[in-house]
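Structure assessment
Residue-level listing of the chains:
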Amino acid sequence: MGFFDRNRRNLEKLGYDPSRLPPGQYLTERFPVLHAGDVPTYDDLSTWSLRVFGLVDQELTLSWDELMAMPQTDVTLDIHCVTKWSKFDTTWRGVKVADLLDRAGLQGAATHLLAHAEHGYSANAPLADVLLDEAIVAHRFEDEPLAPEHGYPARLIVPRLYFWKSAKWLRGLELISGDRPGFWERNGYHMYGDPWREQRYWEHRP
Ligand SMILES: Nc1nc2c(c(=O)[nH]1)N[C@H]1C(S)=C(S)[C@@H](COP(=O)(O)O)O[C@H]1N2
Ligand SMILES: [Mo]
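Conventions we followed
- Residues numbered from 1 in each chain as written.
- Chains lettered and ligands numbered in written order.
- Predicted model: local features only at pLDDT ≥ 70, side-chain atom pairs only at ≥ 80, totals over all residues.
- Heavy atoms only, no water.
- Helix = DSSP H or I, 4+ residues; strand = E, 2+ residues; numbered from the N terminus.
- Rg over C-alpha atoms; globule rule 2.2 N^0.38 Å.
- Buried < 20%, exposed > 50% of the residue type's maximum accessible area, 1.4 Å probe, protein only.
- Contact = heavy atoms within 4.5 Å.
- Areas by Shrake-Rupley, 256 points an atom, 1.4 Å probe, with all protein chains shown as cover.
- Lys, Arg positive; Asp, Glu negative; His and termini not counted.
- Charge placed at Lys NZ, Arg CZ, Asp CG, Glu CD.
- Phe/Tyr/Trp six-rings, centres within 6.5 Å; stacked < 30°, edge-to-face > 60°.
- Core = buried A, V, L, I, M, F, W, Y, C linked by side-chain atoms within 4.5 Å.
- Pairing = 2+ DSSP bridges.
- Axes fitted to C-alpha atoms, helices over the stretch in contact; angles between N-to-C directions.
- Near = heavy atom within 4 Å.
- Polar contact = N/O pair within 3.5 Å; in protein donor to acceptor, adjacent residues only side chain to side chain.
- UniProt positions renumbered as here; feature names shortened; annotations may be inferred.

1. Some points on the overall build of the protein chain
Broken down by element type, the protein chain carries five helices and eleven strands. Since a compact globule built from 206 residues should have a radius of gyration of about 17 Å, the 17 Å found for the protein chain is in line with a globular shape. The buried share of the protein chain, taken over its 206 residues, is 50%. Relative to all contacts within the protein chain whose residues are 6 or more apart in sequence, the contacts with residues 24 or more apart total 65%. For the protein chain, the exposed surface amounts to about 10100 Å²; the carbon and sulfur share of it is 48%. The average position of the 23 basic charges and that of the 30 acidic charges among the side chains of the protein chain differ by 7 Å.

2. Some words on the packing of aromatic side chains
By the definition in use, this model includes 18 aromatic pairs. Taking 5.5 Å as the distance between ring centres and 40° as the angle between the ring planes, the aromatic pair formed by Y121 and F183 counts as tilted. You can see Y121 sitting in the loop between β6 (112-117) and β7 (122-126) and its partner F183 sitting in helix α5 (residues 183-186), a full 62 residues away along the chain. On the accessibility criterion, F183 (24% relative accessible area) is partly exposed. Measuring from ring centre to ring centre gives 5.0 Å for F183 and W184, while their planes differ by 80°; the resulting arrangement is edge-to-face. Through successive ring pairs, a cluster of aromatic residues spans Y121, Y162, W164, F183, W184, Y189 and Y201.

3. Re the nonpolar core
Core analysis: the biggest nonpolar cluster contains 54 residues, and W92, L100, V137 and L156 have the highest contact counts within it. Apart from the residues lying within four places of it in its own chain, the contact partners of V137 are L50, L67, R93, G94, V95, V97, L100, A154, R155, L156, L170 and L173. Ranked by size, the runner-up nonpolar core spans five residues in total, among them L11, Y16, L21 and L27.

4. Quick notes on the environment of F4
Assignment of secondary structure puts F4 in helix α1 (residues 3-13). Ignoring sequence-local partners within four residues, the contact set of F4 consists of G24, Q25, Y26 and K84.

5. So, the sheet that holds strand β2 (residues 49-54)
Taking strand neighbours across the sheet as the criterion, the five strands line up as β3-β2-β11-β6-β7 in an open arrangement whose pairing is mixed. In this open sheet, the two edge strands, each paired with only one partner strand, are β3 (60-63) and β7. Neighbouring strand axes in the sheet, compared pairwise and without regard to direction, differ in orientation by 15° on average. Relative to strand β11 (residues 170-176), β6 runs antiparallel, the two sharing six bridges. In the sheet register, H116 faces β11, and the bridge partner there is G172. In the packing of helix α3 (residues 97-104) onto the sheet, the strands contacted are β2, β3 and β11, and the crossing angle to β3 comes to about 125°.

6. Quick notes on the environment of E198
Tracing the backbone shows E198 in the segment after α5. Each C-alpha atom, one on E198 and one on R9, is 20 Å from the other, the two residues being 189 residues apart in sequence. Aside from chain neighbours lying at most four places away, what touches E198 is P23, G24 and Y162.

7. Examining the site of ligand 1
Looking at ligand 1, there are 19 residues lining it, with P32, A36, H150, R155 and K168 nearest. In this structure, an oxygen atom belonging to ligand 1 sits 2.9 Å away from a main-chain N or O atom of L34. For ligand 1, an oxygen atom lies 2.7 Å from a polar atom in the side chain of R155. Relative to its free-state accessible area of 530 Å², ligand 1 is covered by the protein chains to the extent of 99%.

8. Thoughts on the UniProt feature "domain: Oxidoreductase molybdopterin-binding" (unreviewed entry) in the protein chain
Mapped onto this structure's residue numbering, the UniProt feature "domain: Oxidoreductase molybdopterin-binding" (unreviewed entry) falls at residues 37-184. Secondary structure within residues 37-184 divides into 13% helix and 40% strand; the distance between the first and last C-alpha atoms comes to 13 Å.

Written as structure tokens, this is what we have:
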């Protein structure tokens, strides 16, 4: 029996419902770090801002303090990386994307979100997925500020989709009409990325 089968069988022994693990994934207790490029450093959050723009009535540029002053939500979720590790019951705190979009005035023509991060990283997701209650701009993980390598000061959390959609070092939320590929999507990853359907890569790659 190979590593993946043993890992899956071990779930029950650990007290987890094995159906929580999507196909082709293994469970880890660790928190691997995965990204392209360097980890940005922030000496001073007074220069940080989060821009909400595109198909909104009122473009927003929120300061760190303004983001912190918004209602805060705690979410618990299982994360699934396209490189096959999953981690259960991670807890995050942050501001609902839905609240940010309400505040900016989401326009009817918007169908998708393109998240923008430091160093030009981006990731797309349909609006329906980022309007879920668990979709947040997170600034705490397991009751601590985010570690630099996990996205400090803030990252997007897109529940239910592969974790590459959850952009670390988030700086912008762009509302667009029609789908547009982000960084990994332009490099062969799936436009949607549902772990339960193993939508890892494009089905027809050039
Ligand atoms: N800004 C940025 N966010 C990113 C990435 C990246 O390269 N840059 N990689 C994504 C990928 S592929 C994964 S699996 C997760 C990993 O998050 P972690 O390092 O906190 O585990 O971050 C996602 N967010
Ligand atoms: Mo990933």
